Structure formats: C-alpha cells, structure tokens
Amino acid sequence: MQRIAHSRWRPAGYGVRSKRKYKLGFTVSCTLPDIYCECSQLLRKCILQMGRPAVEALESPPFEKPSIEQGVNNFVQYKFSHLPSKERQTIVELAKMFLNQINYWQLETPSQRRQRVPTDDVAGYKINYTRWLCYCNVPQFCDSLPRYEATQIFGRTLLRSVFTVMRKQLLEQARQEKDKLPPEKRTLILTHFPKFLSMLEEEVYSPNSPIWSENFMVGSSGGQIPRGAEKRKSSEPSSHEDTKKARVIGDIPMELINEVMSTITDPTAMLGPETSLLSAHSARDEAARIEERRGVIEFHVIGNSLNQKPNKKILMWLVGLQNVFSHQLPRMPKEYITRLVFDPKHKTLSLIKDGRVIGGICFRMFPSQGFTEIVFCAVTSNEQVKGYGTHLMNHLKEYHIKHEILNFLTYADEYAIGYFKKQGFSKDIKVPKAKYVGYIKDYEGATLMGCELNPSIPYTEFSVIIKKQKEIIKKLIERKQAQIRKVYPGLSCFKEGVRQIPIESIPGIRETGWKPSHQNAWPFMEPVKKNEAPGYYQVIRFPMDLKTMSERLKSRYYTTRKLFMADMQRIFTNCREYNPPESEYYKCANLLEKFFYTKIKEAGLIDK
C-alpha cells in the first residue's frame, strides 16, 4: 500500500487523461487501519483509471470558526498590541512557532485519550481525530490527497483537547534540549515561550474570551484593545477625523514617542529579556512576573464540582490550598476553611510552583449582584516578600474583568488591611449596600473593604507599562534639558543705548518653553495697584487677575471647569465695570474674552 500511495510514484499522464474524481468516504467511527485501507483501495482505483482522489464526508473543512490560527492571531492583538514593534515581533514569532507545532503534532488516539482522561467527551474527540487523520495526517505522506493545515480547519474545540498535553511536552522538550539551542533561540523559548503559553491557555479555556468571537475587531489605530472589549466595542472603526478630534491639546506627538522609545536601551525599563538583578525600586510584582514568564510559577482558577468526576490533580491542589490557608490564617477554624475551599460555589485562584501549591485567593462570585467576595488570601510563609501576593491579585482582577464583574468586597483583619490597600482596596465601598447585604457574611473585628476594577487596565502588565511611561518621560525631559543647556551669546543691544526690547527677541527664550502672552492680556497680568487705579477696590469687591489664577492653578484650587471659567469671566466683568467703554482697557477685555471662549470651544470644554 505504501509503495502505491507514495507521492513520487505516478504513471505517465496522471491527472491529464481523465478529469474524473474518486472519493474517499469515512464515518466518525473510522479507525486508523480503516482509513489506511480506504486510502489504499481509493488510490489503486485512481491509478488504474487515471482519476483524482477526493475525501468524501458529511462536512468539509473548515470545521469550526474562528480557526486556531485566527484565534491565536486575535490573542496576539488582544494581549500584545500595546507593545513596541520590536517586542511585538517577538510575540508574533512565538505565535508562528506554536502554530507550526500544532500543524505537525501527532494526536493521541481516542483509546489512548480515554485511558488518560476517562471523563472527557471521547465521542467529540473521535470526530475531530478522524477528520484530522483524513485531512491533515494521511495527506502528509500521501500527497495525492488534498492536505489542510490543522490550524486552519480546526478551532477552539480541538485546541482545548490537546493544549494541556502539548504545552507540557513542549516545555519539557525545551528544557531537555536547551544546551543545543543557539543563544537567541534559548532566550526566546526558555524565557518568553512559557509565559506566552500560560497567557494563551487562559484564553483557550476561558468561557468569555473575546479572541474566539467571529466579530473580534482590532481598533483602527492598532492600540491595545481594552479588557471587556466585546461589551464596549463600536460597530465600526473610528475614522481618521474622529481620531484627530479626540486628541487632547498638548499631547506629545506619537512620532516623537516612537523616536524616544527606539533610544531606550535599558532592558529593565522595557518588556523583553529581564536582568537577573532587580533594582531597589522595582515594582512589587516584577520578580513574580519574571518567574511566570520563565515557567517557574503558574496560576490556575480551580474549584470542586459535584457534576464531574473528581480530577486527582485539582483535588490535590485544593488540599494544598486548605493547608496553606490553615497555616497562614490560624484564627480561622480549619473546618470552616475546608468547607469553603471545597464548596462548589467557591473558586480559588491557585499559585503553583514546582507542581505544589504555595498560595491562593479563595473567592465567591455573585454575577447577579455585580461583585465578588474575597474569602481567603494567603501565600505560604517561606515564599512571601517575592511579589506573589500582588501578582495573584492582578491575575484575579483580569479574570473578573473577563467575566464582567468589576467590584471586589472583602472583610480584612488588622494584619491584612495594609496588603489590601496596596492592591487598590479602600473603605469607600462603591457597591450599593442593598447589593451585598445578606449575601456576604459579616466578620466580627474585621473591616469591610472594596475595590473597583477598571476594564481598560491590563493589571498583570500595569507596572511594566507605568515603568515604560516613566522612562519615556525621563528621556523627553533629558532632550528638553539638552536644548535648554545650550548657551547663547549675551545681549549687546543695551550697550548701544537701547532701553527696552520685546521678551520674545531674547535668544533661546522660546526653547525654554516660554510662550508670549496674548497681545490684549497685558492689563490683566497682575493685581491692580491702588496708586494706579484710585478707588478700584471700593468699586470691585472681588478682584481677579491672571497671576492670581496661575497661583490657584498650581495649588489645585480649580477642582472643576466652572471654577476656572468663573474666575476668568470675573476679570472681564470687573474691567468693564470699572473702566468706560471707550477706554483701551475695556477694549482689551472684550478682545481677550472673545479669544478665550474661542480657544475653550476648540478644546471641546464647552459646546460650540
């Protein structure tokens, strides 16, 4: 059979003398020997009658949309589109490498899968396995049959069935062969690939991940898609004109930011390979983030179930969590901890290191009420002060954003208040009392704290983004300072008898950031002097000037737009009240007022 089926063995005139097609029929119950036998008979018939073989089935590819390839591409856009082009290209290379592995991955047979995962949907897997044999596997060595890439004709269902085993074997293989890898590949595979797979795994098994939606869209600007994008996504991309209108006056041009980012060479300031030594000013979760990228630690949301057969690994992790919470929370009765950890209504975000549980956050979701109660939060004592607690909470925040629950509530004892404050919790509860009273238990001696989540923030990467922004600002300041430090020649005009010159004519004055004031603003620059305007303060009860407004602005007096506009309007009103209409001051007030309102309308601060 193999000699006849071999792709290089073709009689003269194959595919030319006859246009007839002969079809290979199969059912979902076909086994590998059945398919090989069918292929053998079909190919013999095709060779003898000079026809083309074709696979006949109830369905033809693709079998699920979006495909694995499209889902992974969506994942790259969803999670990494905010990165600079160089780092984003690294992620794209990882995605290509992962897709290539799937295309040449040997699926386990249904019988092997039944032995490994007895509770799995073997019937559904068998259908996809048969399709894979006929359309992907057999055509690899028998190219008389049409061959399809597995990543292009299968979707999330097949990926879910192979991902866990595939991920484990790929990482194990990478560790075994690390010495054979070239240095640049070693960093890519050992440092970045584990993190990439962990983040992808979350999206593969999440019931609400937007990357598997056929309507998944990427913003026209190429910016990061905010979390919860499927809820807030507009039906059409915004036009270029709309984007321009949305820009705030004073924004730094993107061209300048990109130019500055290309000059940043500090590896600790950007995403990518991290240095082994962390600075004293590193973010709390930086060490944990590095360990997660390297595959040292993993995060899994787990829980007990009364409907499915218990998974041994999950049960072992739940026992481990019960032990961690019991040791770290000695005031809590062990029976109470055990009951909640194993309660099917509760879930736990578990922190796994070297296959064992070292921490976790136990919580209960109340989707109808719009909040989640955090019940227990602990990391084993010998693994503390490593940023695990912060990284745990950040993962929990992202998990809830995907499930569209944007409020946390918890009762914190005196020892935990400090931790929760660092994670963004406060005593100012945003959830209406009627929403949570009767749903959560009141703990004596504990303080109720809440946290409101922002769906636009990628919490697990937030500190990195802030650090990057600080580095960009630092570089921009250095550029500005370099311009300011330039030495200009002195002014020689005064030696020639000139008594006064315009400020803007001084060399270098504009480079310092100085801007000329409006030509009609000169009467209002400082408070009115009593000797220059007799009786002014008897007429004007509430004087105002631009210098006073500037001081108020620096002291953050203007908490609302109305306050600022009221003071500005008072300048014009006072001037017109004290001065006659034919005076120069009166005319300046009218012209400056007109200019002021034109500018704030352009900025979109008031309706036109």
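Going by the structure above, here's the rest.
The structure presented is a predicted model; accordingly, all values stated were derived computationally and were not measured.

Take the side chain of E292 next. Mapping E292 onto the fold places it in helix α13 (residues 286-293). Side chain to side chain, E292 and H391 meet in a polar contact 2.6 Å long.

Of all hydrophobic cores here, the largest spans 47 residues; its most connected members are F98, F154 and F196. Contributions of two or more residues to this core are made by α3 (68-80), α4 (85-103), α6 (122-141), α7 (150-153), α8 (156-176) and α9 (183-205). Those residues within four positions of F98 in sequence are excluded, and the remaining contacts are V72, L159, F163, M166, F193, F196, L197 and L200. Within the second largest apolar cluster, 29 residues are counted, among which are L396, I405, F408 and F420.

Moving on, we come to the packing of helix α22 (residues 561-578) against helix α23 (residues 584-602). Packed helix pairs are characterised by how far apart their axes lie and by the angle those axes make with each other. At a closest axis distance of 8 Å, the pairing of α22 and α23 adopts a crossing angle of 160°. Considering the angle they form, α22 stands roughly antiparallel to α23. Crossing angle aside, the handedness with which α22 passes α23 is left-handed. Listed contacts from α23 to F564, M565, M568, Q569, F572, C575 and R576 of α22 are Y585, Y586, A589, N590, L592, E593, F596, Y597 and I600. Along the lines of polarity and charge, the residues of the contact of α22 with α23 split into 12 nonpolar, two polar and two charged.

What follows covers the side chain of D567. Assignment of secondary structure puts D567 in helix α22. Relative accessible area serves as the criterion here: at 3%, D567 is assigned to the buried category. A polar contact is formed between the side chain of D567 and the side chain of R552, at a distance of 2.7 Å. Only 3.1 Å separates the side chain of D567 from the side chain of R570, close enough to count as a polar contact. Apart from residues lying up to four places away in sequence, D567 is in contact with M544, M549, R552, Y557 and Y558.

Here is what the cut-offs are and how they apply
Residues numbered from 1 in each chain as written. Predicted model: local features only at pLDDT ≥ 70, side-chain atom pairs only at ≥ 80, totals over all residues. Heavy atoms only, no water. Helix = DSSP H or I, 4+ residues; strand = E, 2+ residues; numbered from the N terminus. Polar contact = N/O pair within 3.5 Å; in protein donor to acceptor, adjacent residues only side chain to side chain. Core = buried A, V, L, I, M, F, W, Y, C linked by side-chain atoms within 4.5 Å. Buried < 20%, exposed > 50% of the residue type's maximum accessible area, 1.4 Å probe, protein only. Contact = heavy atoms within 4.5 Å. Axes fitted to C-alpha atoms, helices over the stretch in contact; angles between N-to-C directions. Parallel < 35°, antiparallel > 145°, perpendicular 65-115°, else oblique. Left-handed = near helix turned anticlockwise from the far one by under 90°. Nonpolar A, V, L, I, M, F, W, Y, C, P; charged D, E, K, R; others polar.

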